[in-house]
Amino acid sequence: MESVILQTPLLMCGFAAAFALGMFSLIKKLHYAFGIAAALIFSATLTYALLSGVPLYEAAVCAVAFFAVNLLPLYARWDK
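The model shown is predicted, which means the values in this text are computed figures rather than measured ones. (Residues numbered from 1 in each chain as written. Predicted model: local features only at pLDDT ≥ 70, side-chain atom pairs only at ≥ 80, totals over all residues. Heavy atoms only, no water.)

### Overview of the packing of aromatic side chains
- Taken as a whole and assessed by the stated rule, the structure comprises four aromatic pairs.
- Aromatic pair F15 and F42: ring centres 5.5 Å apart, planes at 50°, arrangement tilted. Of the two residues, F15 is situated in helix α2 (residues 9–27) and F42 in helix α3 (residues 32–51); the sequence distance between them amounts to 27 residues.
- F15 gets classed as buried once you look at its relative accessible area, which sits at 11%.
- Consider the rings of F42 and F66, whose centres lie 4.3 Å apart with planes at 5°: the pair is stacked. Note that F42 is positioned in helix α3 and F66 in helix α4 (residues 56–70), a separation of 24 residues in sequence.
- Owing to a relative accessible area of 3%, F42 belongs among the buried residues under this scheme. (Phe/Tyr/Trp six-rings, centres within 6.5 Å; stacked < 30°, edge-to-face > 60°. Helix = DSSP H or I, 4+ residues; strand = E, 2+ residues; numbered from the N terminus. Buried < 20%, exposed > 50% of the residue type's maximum accessible area, 1.4 Å probe, protein only.)

### With respect to the environment of T47
- Inspection of the secondary structure puts T47 in helix α3.
- As for T47 and A59, which are separated by 12 residues in sequence, their C-alpha atoms are 9.5 Å apart.
- Reaching out from T47, the side chain makes a polar contact with the backbone oxygen of S43 at a distance of 2.7 Å. (Polar contact = N/O pair within 3.5 Å; in protein donor to acceptor, adjacent residues only side chain to side chain.)

### Considering the confidence of the model for the protein
- Scored by pLDDT, the protein comes out at a mean of 87, with 90% of its residues at no less than 70.
- Within the protein, the element-level pLDDT minimum falls on helix α5 (residues 72–79), averaging 66, and the maximum on α3, averaging 93. (pLDDT = per-residue confidence, 0-100.)

Quick look at the structure:
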């Protein structure tokens with residue numbers, strides 16, 4: 001079974017850009033605009049992926065990874 005996301009360069013670039021922008025905004029503690037931009041890129045890429053026939057489990061793996069990384073600062077504040 002082959003992954004549709006790994007075979008489509010546009011999807012790989014979209015998910016990588018959203019992940020990189022999200023990580024950059026978390027590491028540099030930038031304004032919320034960069035986090036919102038990362039979420040918009042991710043949601044647009046995920047919508048395109050689902051319309052192009054990506055199975056739901058592949059889309060769910062990407063979504064869980066993206067949201068888990070972006071929720072790490074909330075866990076760090078809650079843990080204190």
